[in-house]
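Inside the fold
Read off the chains here:
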Amino acid sequence: MLQLPASELILWAIALPFIGAVGVALTGRWPNLREGVTLATGSLVAWLAFSIHAALRAGDTGRVVLAEPLPGLPVAFSVEPLGMLFALIASTLW
């Protein structure tokens, strides 16, 4: 099984709901297909959340820096324990 670093998984977890929203908008005329896109997106987001959790347990840092517009002021995402718990619960609820 391909093991991606947590930083790539975080980026996918951010981008996937937007990709799913475009898919839902494009399939709006076909209710069954639209629901399939919704379920697939939700399942993939849950899988990503559990993959991020597994990467963190394996020792990955779980931090991605998108940009640094000013010196010492990065635009970054990092995974904290409480945030990871929320991500796991919220992704399985959907």
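Please refer to the structure higher up on the page.
Just so you know, these numbers come straight off a predicted model, no measurement behind them.

Along its length, the protein carries three helices and two strands. Shown N-terminal to C-terminal, the secondary structure of the protein runs as helices and strands in the order α-α-β-β-α. Overall, the protein is about 45 × 30 × 25 Å in size when its C-alpha atoms are taken along their principal axes. By the burial criterion, 24% of the 94 residues in the protein qualify as buried. Expressed as a percentage of contacts within the protein between residues at least 6 apart in sequence, the contacts between residues at least 24 apart total 57%. Summing over all exposed atoms, the protein offers an accessible surface of approximately 6700 Å²; the carbon and sulfur share of this is 71%.

To continue, consider the packing of aromatic side chains. Summed over the entire model, instances satisfying the criterion amount to zero aromatic pairs. The cationic tip of Arg29 hangs over the ring face of Trp30; the distance from NZ or CZ to the ring centre is 6.0 Å.

Rules used in this analysis
- Residues numbered from 1 in each chain as written.
- Predicted model: local features only at pLDDT ≥ 70, side-chain atom pairs only at ≥ 80, totals over all residues.
- Heavy atoms only, no water.
- Helix = DSSP H or I, 4+ residues; strand = E, 2+ residues; numbered from the N terminus.
- Buried < 20%, exposed > 50% of the residue type's maximum accessible area, 1.4 Å probe, protein only.
- Contact = heavy atoms within 4.5 Å.
- Areas by Shrake-Rupley, 256 points an atom, 1.4 Å probe, with all protein chains shown as cover.
- Phe/Tyr/Trp six-rings, centres within 6.5 Å; stacked < 30°, edge-to-face > 60°.
- Lys NZ or Arg CZ within 6 Å of the ring centre and 35° of its normal.

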